[in-house]
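Commentary on secondary and tertiary structure
Chain by chain, the residues:
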Amino acid sequence: MIPFSFYRRALNALGRRCFALFFSHTFKRFGKNVAIISPDIIEGERFISLGDNVSINTQAWLLALRQNDTLPQLDIGAGTTIGRFAHIVALREVIIGNNVLIADKVYISDNLHGYEDTTIAIKNQPILFKARVEIGDNSWIGENVSIIGASIGKHCVIGANSVVTQDIPDYSIAVGSPARVIKRYNSLTQQWTTIDQESTHE
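Here is what the cut-offs are and how they apply
Residues numbered from 1 in each chain as written. Predicted model: local features only at pLDDT ≥ 70, side-chain atom pairs only at ≥ 80, totals over all residues. Heavy atoms only, no water. Patch = residues over 30% accessible without salt bridge, like charges linked within 9 Å, V, L, I, M, F, W, Y side chains within 5 Å. Areas by Shrake-Rupley, 256 points an atom, 1.4 Å probe, with all protein chains shown as cover. Salt bridge = Lys/Arg side-chain N within 4 Å of Asp/Glu carboxyl O. Helix = DSSP H or I, 4+ residues; strand = E, 2+ residues; numbered from the N terminus. Pairing = 2+ DSSP bridges. Phe/Tyr/Trp six-rings, centres within 6.5 Å; stacked < 30°, edge-to-face > 60°. Buried < 20%, exposed > 50% of the residue type's maximum accessible area, 1.4 Å probe, protein only. Polar contact = N/O pair within 3.5 Å; in protein donor to acceptor, adjacent residues only side chain to side chain. Contact = heavy atoms within 4.5 Å. pLDDT = per-residue confidence, 0-100.

This part is about a nonpolar patch on the surface. Residues Leu21, Phe22 and Phe23 make up a contiguous nonpolar surface patch of roughly 350 Å² in combined accessible area. With respect to the secondary-structure elements, Phe23 resides in helix α1 (residues 4–23).

Structure (structure tokens):
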């Protein structure tokens, strides 16, 4: 008996080829061997760049939203893998580096919804730019993470369920809501050390 996983892989492969055949030309850049599996919504493709060997799993929502004369930019670097149910929104600039691993159900956005006017339903208020988002090369973003108007450095780990609203420096491990750095890589000792340990060695 042929296992179900065989059929699933075959259908996914067929879907990737069909997507590339019919829609790759609509993107700003569509690299070699890009795999987008059964996306939910993709809007603003002409502002979206995908590097070589990018893999985006099922039910992704990618949105590059143009407001007035400001052109958005959503770049996903070579070798990056994005899990299921990703929601990535660029009002101005969201840059994801090379070889980034993003788990399931991750939300990444350079904006937030207006809410200040209590006479208008929040859903009817404008979307407001917060800050540029950049995720550095070789980082790992855990499941259910939200990144809103903040950047993450190179080779970072963001723990599951974290909410990142402030920048995270290179070579850091951050967890929590709001996320805070709990470990950093010490290039002198070539070890990952907790923040408390790091301070006692200074």
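We are not done yet, so read on.
Turning next to the sheet that holds strand β12 (residues 107–109). Strands sit in the order β3-β6-β9-β12-β17-β19 across an open sheet of six strands; the sheet is parallel. On the outer flanks of this sheet lie β3 (41–43) and β19 (163–164), each paired with one strand and no other. With three bridges connecting them, β12 and strand β17 (residues 146–148) associate as parallel partners. Bridging from a neighbouring strand, Tyr107 pairs with Ser146 of β17.

Throughout the structure, instances matching the rule amount to three aromatic pairs. Between Tyr171 and Tyr185, the aromatic rings sit 6.4 Å apart at their centres with planes inclined by 45°, giving tilted as the arrangement. Of this pair, Tyr171 sits in the loop between β19 and β20 (172–175) while Tyr185 is found in strand β21 (residues 180–186), placing the two residues 14 residues apart along the sequence. By relative accessible area, Tyr185 is classed as partly exposed at 31%.

What follows concerns the side chain of Ser139. With respect to the helices and strands, Ser139 occurs in the loop between β15 (133–135) and β16 (140–141). A distance of 2.9 Å separates a polar atom in the side chain of Ser139 from the backbone nitrogen of Cys156. Contacts of Ser139, omitting those with residues within four sequence positions, involve Asn99, Val100, Leu101, Ile152, Gly153, Lys154, His155 and Cys156.

Okay, the pairing of β21 next. In this sheet, β21 lies alongside β20 in antiparallel orientation, the contact comprising four bridges. Counterpart to Ile173 in the pairing with β21 is Lys183. The loop that links β20 with its antiparallel partner β21 comprises four residues; one of these, Gly176, has a positive phi angle of about 105°. Taken together, the four bridges between β21 and strand β22 (residues 191–194) define a ladder with antiparallel strand orientation. Along β22, the bridge assignment pairs Tyr185 with Trp192.

Turning to the confidence of the model for the chain, a few remarks are in order. Overall, the predicted model of the chain reaches an average pLDDT of 91, with 89% of residues at or above 70. Below pLDDT 50 for its whole length, residues 197–202 participates in two contacts with residues either more than four positions away or in separate chains.

To continue, consider the pattern of salt bridges. As enumerated under the stated definition, the model contains five salt bridges in all. Note that Asp52 and Arg29 form a salt bridge whose closest N and O atoms lie 3.4 Å from each other. Residue Asp52 is found in the loop between β4 (48–50) and β5 (55–56), and its partner Arg29 is found in strand β1 (residues 29–30); the two are separated by 23 residues along the sequence. Note on Asp52: relative accessible area 26%, which makes it partly exposed. By relative accessible area, Arg29 is classed as partly exposed at 41%.

Mapped onto the secondary structure, Lys32 falls in the loop between β1 and β2 (35–36). On a C-alpha basis, the gap between Lys32 and Ala78 in space is 9.3 Å, while along the polypeptide they are 46 residues apart. Filtering out sequence-adjacent residues up to four positions away, Lys32 remains in contact with Asp52 and Asn53.

Now for unusual backbone geometry. Residue Pro178 is bonded to the preceding Ser177 through a cis peptide linkage, with omega at 0°. Turning to its location among the elements, Pro178 is positioned in the loop between β20 and β21. One non-glycine residue with positive phi stands out, namely Lys105, at about 60°. Examined against the element boundaries, Lys105 turns out to sit in the loop between β11 (101–102) and β12. Using a relative accessible area of 37% as the deciding quantity, one classes Lys105 as partly exposed. Backbone geometry places Asn161, a non-glycine residue, at a positive phi of 70°. Along the chain, Asn161 falls in the loop between β18 (157–158) and β19.

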